[in-house]
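# Structural overview for review
Spelled out from the first residue to the last, the chains are:
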Amino acid sequence: MSDQPLLSVNDVSKFYGSRVGCRDVSFDLYPGEVLAVVGESGSGKTTLLNCISTRLEPTNGSVTYRMRDETTRDLYQMSEAERRFLMRTDWGFVHQNPADGLRMAVSAGANVGERLMAVGDRHYGNIRETAIDWLGRVEINEDRVDDQPRAFSGGMRQRLQIARNLVTGPRLIFMDEPTGGLDVSVQARLLDLIRGLVSDLGLAAIVVTHDLAVARLLSHRMIVMKDGHVIESGLTDRVLDDPHQPYTQLLVSSILQV
Ligand SMILES: Nc1ncnc2c1ncn2[C@@H]1O[C@H](COP(=O)(O)OP(=O)(O)OP(=O)(O)O)[C@@H](O)[C@H]1O
């Protein structure tokens, strides 16, 4: 891992009128590092993820990102066009519901291939070959390349969404409850796949989850949120094995009792 952060979140707050979405959140994310954001429903995880990924402008604070040319830029000082370019080339966003991240009425191959076209690839043969290669990497058989995702199971759709996000070689990927809503056995397989890909590609990732098992399996570090605040952060194994805050202790023990 590099000694320079890839992303720095500095005192980010988001208020919805008088309601707190998230408040005074700060952390650094290093290249190749996976950070889990955990907390119960309403604790501010999605708000924070959206503020960091430029989908929702924070009320206060800043988010800086180290570009490929090593310059550090404030995401909210960039033009809309620059932000869109960054999202297309350097970032991926995996939604909990694959339908939010896929085009359901075009083929699996086109779902992956159009991302390559968006970054300038024009050779149809190469695009199709790369798309098929990526379908294989997410364990979707080549003979499904012309099928639409609406004909896929939930797990397959999620794997397709991952292929669509990773095909352009991003450096940072955001994941919002990537295994939420799937059967437990499907979740386990998907988590293994995500873990393998993230580590093989050396990706940095921010994973929002209410599931501590997902955090344990995928992340190096985690932050625990409550009422919009970060109440505890640290290496994932440390936080889960030796939680310092009473709220984190409660979260961990409630999972262990299940
Ligand atoms: N668009 C909005 N308008 C007003 N309040 C909002 C809006 N979005 C979120 N909130 C509030 O902000 C707080 C944090 O919500 P957020 O969705 O970020 O939490 P979360 O931890 O992601 O929850 P969940 O796991 O249920 O998605 C909650 O009190 C929520 O009601």
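Keep in mind that what you see is a predicted model, and the values were worked out from it rather than measured. (Residues numbered from 1 in each chain as written. Predicted model: local features only at pLDDT ≥ 70, side-chain atom pairs only at ≥ 80, totals over all residues.)

### Structural notes on the environment of Leu56
Looking at the secondary structure, you find Leu56 in the loop between helix H1 (45–52) and strand E4 (60–66). Leu56 sits in the partly exposed class, given 16 other C-beta atoms within 10 Å. For the pair Leu56 and Lys14, spaced 42 residues apart in sequence, the C-alpha to C-alpha distance is 8.7 Å. Excluding anything up to four places from it in sequence, Leu56 contacts Lys14, Thr47, Asn50 and Cys51. (Helix = DSSP H or I, 4+ residues; strand = E, 2+ residues; numbered from the N terminus. Buried ≥ 20, exposed ≤ 12 C-beta atoms within 10 Å, placed from the backbone. Contact = placed C-beta atoms within 7 Å.)

### Description of the site of the ligand
Neighbouring residues of the ligand: Tyr16, Arg19, Gly21, Gly39, Ser41, Gly42, Ser43, Gly44, Lys45, Thr46, Thr47 and His210. Those elements that provide at least two residues to the shell around the ligand are strand E2 (19–29) and H1. The residue inventory of the shell around the ligand, partitioned by class, reads 1 nonpolar, 9 polar and 2 charged. (Near = placed C-beta within 6 Å. Nonpolar A, V, L, I, M, F, W, Y, C, P; charged D, E, K, R; others polar.)

### A look at the UniProt feature "domain: ABC transporter" (unreviewed entry) in the protein chain
Listed under "domain: ABC transporter" (unreviewed entry) in the UniProt record, and renumbered for this structure, are residues 7–252. Helix makes up 40% of residues 7–252 and strand makes up 26%, while its end C-alpha atoms are separated by 28 Å. (UniProt positions renumbered as here; feature names shortened; annotations may be inferred.)

### Focus: the domain arrangement of the protein chain
Assigned domains within the protein chain: domain 1 (1–15 + 24–68 + 171–258) and domain 2 (104–170). Taken over C-alpha atoms, the centre of domain 1 sits 26 Å from the centre of domain 2. Opposite the 13 residues of domain 1 that make contact, domain 2 presents 10 residues. Contributing elements (two or more residues each) for the side of domain 1 that touches domain 2: strand E7 (172–176) and helix H7 (184–201). The greatest single-element share of the side of domain 1 that touches domain 2, amounting to 6 residues, is contributed by H7. (Domains from an automatic or database assignment.)

### Quick look at the nonpolar core
Among soluble globular proteins, nonpolar side chains are generally buried collectively. By size, the foremost hydrophobic cluster in this structure holds 63 residues, and its most contacted members are Val37, Ala163, Ala205, Ile206 and Val207. The residue makeup of this core includes at least three contributed by each of domain 1 (1–15 + 24–68 + 171–258) and domain 2 (104–170). Beyond its immediate chain neighbours, meaning those up to four positions away, Val207 contacts Val34, Ala36, Met175, Pro178, Val214, Leu218 and Ser219. (Core = buried A, V, L, I, M, F, W, Y, C linked by C-beta atoms within 7 Å.)

### What about the sheet that holds strand E8 (residues 204–209)?
In a beta sheet, neighbouring strands pair by backbone hydrogen bonds and run either parallel or antiparallel. Taken in spatial order, the 6 strands line up as E6-E7-E8-E3-E9-E10 in an open sheet, and their pairing is mixed. Each edge of the sheet is formed by a strand with only one pairing partner; in this case those strands are strand E6 (91–94) and strand E10 (229–235). Across the sheet, the mean angle separating the axes of adjacent strands is 15° when strand polarity is ignored. Two elements, E7 and E8, share 5 bridges in a ladder whose sense is parallel. (Pairing = 2+ DSSP bridges. Axes fitted to C-alpha atoms, helices over the stretch in contact; angles between N-to-C directions.)

### Observations regarding the sheet that holds strand E1 (residues 7–16)
With antiparallel pairing, 4 strands are arranged side by side in an open sheet as E2-E1-E4-E5. Looking along the sheet, the strands with just one partner apiece sit at the ends: E2 and strand E5 (72–74). With direction set aside, neighbouring strand axes in the sheet form an average angle of 20°. Summarising the sheet, E1 and E4 pair through 5 bridges and their orientation is antiparallel. Bridge pairing in E4 places Ser13 opposite Asn60.

### Considerations on the packing of helix H4 (residues 108–118) against helix H5 (residues 124–137)
A pair of packed helices is captured by two measures, namely the crossing angle of their axes and the spacing between those axes. One can describe the packing of H4 onto H5 by two numbers: an axis separation of 9 Å at closest approach and a directional angle of 120°. When the interaxial angle is binned, H4 and H5 end up oblique. Relative to H5, H4 is oriented so that their crossing is right-handed. Counting all contacts with H4, which are made through Ala108, Gly109, Val112, Gly113, Leu116 and Met117, the residues of H5 involved are Ile127, Arg128, Thr130, Ala131, Ile132, Trp134 and Leu135. (Parallel < 35°, antiparallel > 145°, perpendicular 65-115°, else oblique. Left-handed = near helix turned anticlockwise from the far one by under 90°.)

### Observations concerning unusual backbone geometry
Its identity is not glycine, yet Asp11 carries a phi of approximately 50°, on the positive side. You can see Asp11 is positioned in strand E1.

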